[in-house]
Each structure stands twice: as structure tokens, then as C-alpha cells.
Amino acid sequence: MKYRRLSKEQLEELHPEFINFLATQTITAAEWEDIKINKPKVAEDELDVFSDLVWEGVLTTAEYLEHISPQTMNLFHLREKEIALISVMVGDELIDITTKDGYAWLQNNLMDDEVKLFTALKKYSDDPNADKFKLIEQGAVITKGDLFNYFDDLMELGKEKNGF
């Protein structure tokens, strides 16, 4: 298995897709029930293959990831050949940006000395989807990129303003 098996909840959400997956292998509902009972290892293998297919599709189409912890916001843009990172760090441990009040503080104090912005680029390994999956396994979630684009635009404005 290349990634990890989808959770029970994820598999339930993808039930129609799983039925289509089984159909492509000419496995009927009755045959699937028989496989689950009499060949549990085969059933497990089928779930693993299906999970990998789903993950591969999700990872291939994902464009942005976010990982937010109490003092750090890591925003990723999954580009074609590299991952762009914008990292926002709050130095005051009393401020928790995962809370409504903490996030409001960050919005109102972006230029505060306690707030640091960093950027980085990292080329993918030979397996870009594995690189993306590793970030998800470390707690990142797939997003539409609103926060990344907000901070990216903010930093571009800062460069223009400072003559860079």
C-alpha cells in the first residue's frame, strides 16, 4: 500500500465510487459479500487498492495545503515542480492563532514584532504525491488556497512598497 487506507467514514462517503471500483473488476454485490466473509484478506487488499486510487486522485488535483498550530501557520502551494511555503509565526506563546481571538489578534497585528513571515521553495522528490501525502499525514489539510493567496499578495505589496 502506497498511502494509507481510507477511514471507515471516508469509505462510507465514497460508497458509490467503491461500488463502481468493484464493478470495473466485475465483482457483484453478492460476490463482494462472499469475499468479505470467506476471503477477508482479499477484501482488505481491495480496500487498500481502492484507497490508493482515491489518494492518488486527490493528491494529483490538490493545489493548496494548510497546517495551523497555536503559534504557526504553514501555507503550501503545490506547484507543478515544487512546493511553495509561506510560514507565519507568532512569537508570543499566549497568542493561539487556532482560536477566534488569537486569529483576530494576528489579523490586526501582522506588522507586530511578534509576527514573522517566511517563505521557502522545495523541489519535489521523485514522487510528488508522496511528498504531498507526507504533509497531510503531519496534519496539513487540503484547502482552496485563500490564506496562501492572501499572504502571498500581502508580501507582494510589501515588496512593491519597499522597492524590491
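This section reports on the structure supplied with the text. (Residues numbered from 1 in each chain as written. Predicted model: local features only at pLDDT ≥ 70, side-chain atom pairs only at ≥ 80, totals over all residues. Heavy atoms only, no water.)

Here's the deal with the pattern of salt bridges
Counted by the stated rule, this structure contains eight salt bridges. Between Arg-5 and Glu-44 there is a salt bridge, with its nearest N and O atoms 2.6 Å apart. Within this pair, whereas Arg-5 is found in the segment before helix H1 (8-13), its partner Glu-44 is found in helix H4 (residues 40-61), the two being separated by 39 residues in sequence. Given a relative accessible area of 28%, Arg-5 falls into the partly exposed group. (Salt bridge = Lys/Arg side-chain N within 4 Å of Asp/Glu carboxyl O. Helix = DSSP H or I, 4+ residues; strand = E, 2+ residues; numbered from the N terminus. Buried < 20%, exposed > 50% of the residue type's maximum accessible area, 1.4 Å probe, protein only.)

As for the sheet that holds strand S3 (residues 82-90)
Taken in spatial order, the five strands make up an open sheet running S4-S3-S2-S1-S5, and their pairing is antiparallel. In this open sheet, the two edge strands, each paired with only one partner strand, are strand S4 (115-123) and strand S5 (141-143). Mean inter-strand twist for the sheet, computed between neighbouring axes without regard to direction, equals 25 degrees. Of the strand pairs in this sheet, strand S2 (residues 72-78) and S3 are connected by seven bridges, and their pairing is antiparallel. Residue His-77 lies in a different strand from S3, and its bridge partner there is Ala-84. The strands touched by helix H5 (residues 100-108) within the sheet are S2, S3 and S4, with S3 carrying the most contacts at an inclination of about 100 degrees. (Pairing = 2+ DSSP bridges. Axes fitted to C-alpha atoms, helices over the stretch in contact; angles between N-to-C directions. Contact = heavy atoms within 4.5 Å.)

Scope: geometric values only; no functional claims are made or implied.
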